[in-house]
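# Topology and contacts: notes
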Amino acid sequence: MQPILKLNNISYSYHSIHGEIPALDNISFDVLPGEFISLIGPSGCGKSTLLSIIARLETPEGGTISFYHPDGSIHYPRIGYMLQRDHLFEWRSVYKNVLLGLELNHKLTDENLEKADEMLRKYELYQFKDKKPSELSGGMRQRVALIRTLVLEPEILLLDEPFSALDYQTRLSVADDIYTIIKNEQKTALMVTHDLSEAISLGDRIIVLSERPATVQNIIPIKLSLEQKTPFTSRSAPEFKSYFNMLWKELHHE
Ligand code: ADP
Ligand code: MG
């Protein structure tokens, strides 16, 4: 299958008054359409930097990053970004928050409004559309944030520790919801997480980054014997524990 995204020897450094801070060193990997990639690595190794480069918010110093159409031609895809905090605006209703991106991009067409309604209905938020974000649970807020991103029809979704502001219980169910939505909508996703169980339970493949400057230390395909994979069911797959141990060793150099 033709990749949707190809990173080839990406390197990047920050330049500050204290000197140069190399953040990424020779990062190469491909991502296939519809794939869910988990990115893990030590704190401060360069994970968020890598996402900024994929989002084209930063330009790599070395190497190339290419995006492909299904027909193999090169193009610049729409990219959606979801962060740890949901960044919903408290003074706007849920509905107005969902429409924000469309509004900013001058895309408030009848068709897009219909699509926003449809997603709110499908993901059980329609009856809350006139509420303020403060009236919703943390998990519902994350779903609103994801729908706001999805109505812009991104081809690639970048998630930077999207669940880490949530408590453990909420986190499990929100991860399930978000994963289901992403798979339903057939999106390609790259998610940074420091939670190994989360990386295994959501990822089709896990990319392990080394200490800063980040290099690709390992790429681990996750194969679980399950009828239907969800973040929740993954945790009870027979292979889960051995993946966990493998990743633990990767990160602790055992
Ligand atoms: P991670 O997301 O893996 O925790 P980051 O990509 O945020 O790591 O940062 C990688 C390294 O680059 C860190 O050591 C961080 O301190 C440094 N860094 C990040 N942003 C800047 C910046 N704007 N200027 C200088 N150094 C930065
Ligand atoms: Mg980070």
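Refer to the structure presented above.
What you see is a predicted model; the values in this text were computed from it and never measured. (Residues numbered from 1 in each chain as written. Chains lettered and ligands numbered in written order. Predicted model: local features only at pLDDT ≥ 70, side-chain atom pairs only at ≥ 80, totals over all residues. Heavy atoms only, no water.)

## Some words on the pairing of strand E1 (residues 5–16)
Pairing between E1 and strand E2 (residues 19–31): 9 bridges, direction antiparallel. Paired with Ile10 across the two strands is Ile27, which belongs to E2. The antiparallel pairing of E1 with E2 creates a hairpin that spans 2 residues between the two strands. (Pairing = 2+ DSSP bridges. Helix = DSSP H or I, 4+ residues; strand = E, 2+ residues; numbered from the N terminus.)

## Description of the site of ligand 1
As a structural note, the neighbourhood of ligand 1 is formed by Tyr14, Ile21, Ser43, Gly44, Cys45, Gly46, Lys47, Ser48, Thr49 and Arg212. Gly44 places a main-chain nitrogen or oxygen 2.8 Å from an oxygen atom of ligand 1. Between ligand 1 and Arg212 there is a distance of 3.4 Å, counted from an oxygen atom to a side-chain nitrogen or oxygen. No other element matches helix H1 (residues 47–54), which puts 3 residues into the shell around ligand 1. For the shell around ligand 1, the per-class residue count stands at 3 nonpolar, 5 polar and 2 charged. (Near = heavy atom within 4 Å. Polar contact = N/O pair within 3.5 Å; in protein donor to acceptor, adjacent residues only side chain to side chain. Nonpolar A, V, L, I, M, F, W, Y, C, P; charged D, E, K, R; others polar.)

## Looking at the environment of Val31
If you trace the backbone, Val31 turns up in strand E2. Looking at Val31, the relative accessible area reads 0%, which means it is buried. Val31 sits 26 residues away from Leu5 along the chain, and the two C-alpha atoms are 5.2 Å apart. In this structure, Val31 is in contact with Pro3, Ile4, Leu5, Ile37, Thr188, Leu190 and Arg205, ignoring residues within four places of it in sequence. (Buried < 20%, exposed > 50% of the residue type's maximum accessible area, 1.4 Å probe, protein only. Contact = heavy atoms within 4.5 Å.)

## Remarks on helix H8 (residues 240–252)
For H8, with 13 residues, the first-to-last C-alpha span of 18 Å sits near the 18 Å given by 1.5 Å per residue. Three or more residues of H8 are buried, namely Phe240, Tyr243, Leu247 and Glu250. The buried residues of H8 all sit within an arc of 85 degrees when viewed along its axis, so they share a single face. Against the buried residues of H8 lie strand E3 (36–40), helix H6 (196–202), strand E8 (205–209), strand E9 (216–221) and helix H7 (231–234). Within two residues after H8, His253 carries a phi angle of roughly 50 degrees, on the positive side. (Expected span 1.5 Å × (residues − 1). Arc of directions from axis to C-beta.)

## Things to note about the pattern of salt bridges
Side chains carrying opposite charge are able to pair once their charged atoms draw close together. Under the definition given, this model contains 12 salt bridges. In this structure, Glu153 engages Lys115 in a salt bridge whose closest nitrogen and oxygen atoms are separated by 3.4 Å. One end of the pair, Glu153, is in the loop between helix H4 (138–150) and strand E6 (156–160); the other, Lys115, is in helix H3 (residues 110–122), and 38 residues separate them in sequence. Residue class for Glu153 comes out partly exposed when judged on its relative accessible area of 36%. Each of Asp86, Glu90 and Arg141 takes part in a single network of salt bridges with overlapping partners. (Salt bridge = Lys/Arg side-chain N within 4 Å of Asp/Glu carboxyl O.)

## Side note on the packing of helix H2 (residues 94–104) against H3
Two numbers describe how H2 lies on H3: the axes approach to 11 Å, and their chain directions differ by 135 degrees. With respect to each other, H2 and H3 are oriented oblique. Crossing handedness for the pair H2 and H3: right-handed. The segment H2 lies against H3, with Val94, Tyr95, Val98, Leu99 and Leu102 engaging Asn112, Leu113, Ala116, Asp117 and Leu120. Along the lines of polarity and charge, the residues of the contact of H2 with H3 split into 8 nonpolar, 1 polar and 1 charged. (Axes fitted to C-alpha atoms, helices over the stretch in contact; angles between N-to-C directions. Parallel < 35°, antiparallel > 145°, perpendicular 65-115°, else oblique. Left-handed = near helix turned anticlockwise from the far one by under 90°.)

## Considering the sheet that holds E3
Pairing in this open sheet of 6 strands is mixed, and the strands run E5-E6-E7-E3-E8-E9 from one edge to the other. Looking at which strands have only one partner, the edges of the open sheet turn out to be strand E5 (79–82) and E9. Here the strands of the sheet are splayed against their neighbours by 15 degrees on average, with no regard to which way each runs. Across 5 bridges, the pairing between E8 and E9 is antiparallel. For Ile206, the partnering residue across the bridge sits in E9 and is Ile220. Strands E3, E5, E6 and strand E7 (188–192) of the sheet are contacted by helix H5 (residues 168–184), whose axis makes an angle of about 135 degrees with E3.

## Details of the side chain of Thr193
Here Thr193 is to be found in the loop between E7 and H6. Its relative accessible area of 1% is what places Thr193 among the buried residues. A polar contact of 3.0 Å, which involves the side chain of Thr193, links it to the side chain of Glu198. The residues touching Thr193, leaving out its near neighbours within four places in the chain, are Leu39, Ile40, Glu161, Glu198 and Ala199.

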